[in-house]
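Fold and contact review
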Amino acid sequence: MDRRRFAYEVLVALLPLLLCSLNCANASSSDPAQLHDHVEQHKRNLLANGLGTTPPMGWNSWNHFSCQINEKIIRETADALVSTGLSKLGYTYVNIDDCWAELNRDAHGNLVAKKSTFPSGIKALADYVHSKGLKLGIYSDAGYFTCSKQMPGSLGYEFQDAKTFASWGIDYLKYDNCNNDESKPTDRYPVMTRALSMAGRPIFFSLCEWGDLHPALWGAKVGNSWRTTNDINDSWESMISRADMNEVYAEYARPGGWNDPDMLEVGNGGMTKNEYIVHFSLWALSKAPLLLGCDVRNMTKDTVDIVTNKEVIAVNQDSLGVQGKKVRMEGDMEIWAGPLSRYRVAVVLLNRGPWNISITAYWDDIGIPSKSAVEARDLWEHKTLVGRFKDKLTAQVEPHSCKMYVLKPVA
C-alpha cells in the first residue's frame, strides 16, 4: 500500500471520531456505548437528522393528482388520514409533490406558493396538518426548474430554500433531478444535505434521483431515502419491474436510509386486487417507503383492506431494518425473504405467471437452520396455519398473486 493510500484510509477511519468530537459534546467520554452510537450515526449519514429509523409512511399527491393539486385537497387528505384510522397505523406524512409554487420567486429570491391554488400559503397548511398530528412534506428539484417546468428548482438556492422550508414547518423534502446543469447528482445533492443540516429543523430528505448514478452506493451519507428506479405507473409490468430493480440494492438499506422503488399505486385502478396485494407485500418486505398514491378521501373497501393490513405494515416497520430480497427464482416462481426481529423470517411466495402454481420455500434458502420447527402466520388470511413446519413450506399461488408469511421458531 502506498503512503497516500495509507494516509487516506487513516483519515477515513478517523473522520467519524473527529466529527463526533465536534458535534457530540453531550456524549460523555465515560459512556463508550453512547460514544459508539454517535460515531455510528455519523458514519451512516452526514445529515444526521435522526429521522427514518423505519421507512416513512404517508401519502403523496403525484400518482393520483399530478399537477392538479390545491390546498383544499391537501387539507381533506389530512382529514381523511385521521378519519380512516390510517394515521394511527403510521401514515403520518402528507407530501405535496410538483406544481405547488409560482413560476417566479419573490423580490428576495424566495419560493412562493401559487396564489391560485394555495392562497393561504404553505405555513398555514403546515400548521393545519400539524394540528392533526401529521407531518407536511414538500417538493423541489436539484435543477433550475422542476420536472413539470411550472416552478423553479433549488439549484443555486439550496440554503435559502432549506431555510424557507424550515420556517414553514416542513418535515419532509422530496428532491427531484430534472432540468439541471448536467453535473453529477453526487455533486448537487450533498449541497441540499448541508443546507438542510443548517436549516434549524429536522427534515426527512428523500433523494428522487431515479437510480441515475446508483444512489444506493452513496445515498446513506446524503439522505434518508433514495430512488432506485424510474417513475412507477399503475400497471403490473411497471410495478414488478420496479421491485426487481430495487431488490439488487437490498444490502444498502438500513435504519436511517432506505431504498425507494417509488410510491404506491394501490387504489388507483390499474391493477387487480391480487396485483395490488403483491405490490403492497413486496414494498413492505423491501422496507420501501409506504407512501400512498391514491385519493384517500375516496377509497374502495379492497383498497382499505390492503393498505390497513397491520401485519404486513409490521413487516415493513420491523425494528431490525433489514430489506428482504429474492432468494430463489425459477420461471414465473419467486421466493422473497428477509429476517425480522426476534429470530423471525418474512417470506413472500410470488407467482408472476398466468397459471396456478405450487411454490415451496426451503429453510436453507430463506435463512432458517435446517430441521428447525416454525409456526407460520399467513398475513393476508390473518390466520396461523395448523401444525409445525420443518425444512419447507408449500402453498398454491394464483396468477399474478402471492402468499405472505411470517415464520416464527417454536420449541
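As annotated in an unreviewed UniProt entry, the protein chain carries the name Alpha-galactosidase and is attributed to Vigna radiata var. radiata. Recorded under Catalytic activity (unreviewed entry), the UniProt text for the protein chain is reproduced unchanged: "Hydrolysis of terminal, non-reducing alpha-D-galactose residues in alpha-D-galactosides, including galactose oligosaccharides, galactomannans and galactolipids."

**Observations regarding the overall build of the protein chain**
What the protein chain contains, in helices and strands, is 12 helices and 17 strands. A burial count over the protein chain gives 53% of its 411 residues as buried. Long-range contacts, defined here as pairs at least 24 residues apart, represent 69% of the contacts in the protein chain between residues at least 6 apart. Accessible surface, the protein chain as shown: approximately 18400 Å² in total, 52% of it carbon and sulfur.

**What to know about the nonpolar core**
Counting residues in each nonpolar core, the largest one holds 87 residues, and the members touching the most others are Tyr91, Ile96, Trp100, Ile122, Phe205 and Phe280. No other element matches helix H9 (residues 273-285), which puts 8 residues into this core. If you count residues domain by domain, this core takes at least three from each of domain 1 (57-317) and domain 2 (325-409). When neighbours within four sequence positions are excluded, Phe205 is seen to be in contact with Leu47, Leu173, Tyr175, Tyr189, Met192, Thr193, Leu196, Val222, Gly223, Asn224 and Ser225. By size, the runner-up hydrophobic cluster in this structure holds 19 residues, among which are Val345, Val347, Ile368 and Ala395.

**Considerations on the pairing of strand E1 (residues 57-60)**
Here E1 shows a buried face lined by Met57 and Trp59 and a second buried face lined by Gly58 and Asn60. Bridge count for E1 against strand E8 (residues 290-292) is 3 bridges, and the pairing is parallel. Residue pairing for E8: Gly58 is matched across the bridge by Leu291. Pairing geometry for E1 and strand E2 (residues 93-95), over 3 bridges, is parallel. Counterpart to Gly58 in the pairing with E2 is Tyr93.

**Thoughts on empty space enclosed by the protein**
Taken as a whole and assessed by the stated rule, the structure comprises 1 cavity of 30 Å³ or more. Lining the largest cavity are Asn60, Tyr172, Lys174, Ser206, Leu207, Cys208, Arg227, Asp260, Asp262, Met263 and Leu291. When contributions to the lining of the largest cavity are tallied by element, the ones reaching two or more residues are strand E4 (172-176) and strand E5 (204-207). Grouping the constituent residues of the lining of the largest cavity by class yields 5 nonpolar, 2 polar and 4 charged.

**Observations concerning the state of the cysteines**
Using the criterion set out here, one finds 2 disulfides in the structure. Two residues share a disulfide in this structure: Cys67 and Cys99, whose sulfurs sit 1.7 Å from each other. Of this pair, Cys67 sits in the loop between helix H3 (62-65) and helix H4 (71-83) while Cys99 sits in the loop between E2 and helix H5 (122-131), and the two are 32 residues apart along the sequence. Residue classification places Cys67 among the buried residues on the basis of a relative accessible area of 16%. Looking at Cys99, the relative accessible area reads 1%, which means it is buried. Here Cys147 connects covalently by a disulfide to Cys178, the sulfurs 2.0 Å from one another. Classification of the bridge connecting Cys147 and Cys178 rests on its S-S torsion, roughly 90°, and on that basis the disulfide is right-handed. Pair noted here: Cys147 is in the loop between strand E3 (135-141) and helix H6 (158-168) and Cys178 is in the loop between E4 and helix H7 (185-197), with a separation of 31 residues, a long-range link.

**Quick notes on the sheet that holds E2**
With parallel pairing, 8 strands are arranged side by side in an open sheet as E7-E6-E5-E4-E3-E2-E1-E8. Each having just a single partner strand, strand E7 (258-260) and E8 make up the two edges of the open sheet. Each strand axis lies, on average, 25° off the axis of its neighbour in the sheet, ignoring direction. Here H5 sits on the sheet in contact with E2 and E3, set at roughly 145° to E3.

**Thoughts on H6**
When H6 is considered as a whole, its buried residues turn out to be Glu158, Asp161, Ala162, Thr164, Phe165, Ala166 and Trp168. Buried residues along H6 sit in contact with H5, E3, E4 and H7. Following H6 by one or two positions, Gly169 adopts a phi angle in the positive range, close to 95°.

**Details of the packing of H6 against H7**
Relative to each other, H6 and H7 sit at 45°, their axes nearing to 8 Å. Compared by their axis directions, H6 and H7 come out oblique. Considering how the two elements wind past one another, H6 and H7 form a crossing that is right-handed. For the pair H6 and H7, the contacting residues are Glu158, Phe159 and Ala162 in the first and Val191, Met192, Arg194, Ala195 and Leu196 in the second.

About the criteria used
- Residues numbered from 1 in each chain as written.
- Predicted model: local features only at pLDDT ≥ 70, side-chain atom pairs only at ≥ 80, totals over all residues.
- Heavy atoms only, no water.
- UniProt positions renumbered as here; feature names shortened; annotations may be inferred.
- Helix = DSSP H or I, 4+ residues; strand = E, 2+ residues; numbered from the N terminus.
- Buried < 20%, exposed > 50% of the residue type's maximum accessible area, 1.4 Å probe, protein only.
- Contact = heavy atoms within 4.5 Å.
- Areas by Shrake-Rupley, 256 points an atom, 1.4 Å probe, with all protein chains shown as cover.
- Core = buried A, V, L, I, M, F, W, Y, C linked by side-chain atoms within 4.5 Å.
- Domains from an automatic or database assignment.
- Pairing = 2+ DSSP bridges.
- 1 Å grid on protein atoms, 1.4 Å probe; cavity = no way out; pocket = protein on both sides within 12 Å on 5 of 7 lines; lining within 4 Å.
- Points joined across faces, edges and corners; volume = space filled by probe spheres on them.
- Nonpolar A, V, L, I, M, F, W, Y, C, P; charged D, E, K, R; others polar.
- Disulfide = S-S within 2.5 Å.
- Axes fitted to C-alpha atoms, helices over the stretch in contact; angles between N-to-C directions.
- Parallel < 35°, antiparallel > 145°, perpendicular 65-115°, else oblique.
- Left-handed = near helix turned anticlockwise from the far one by under 90°.

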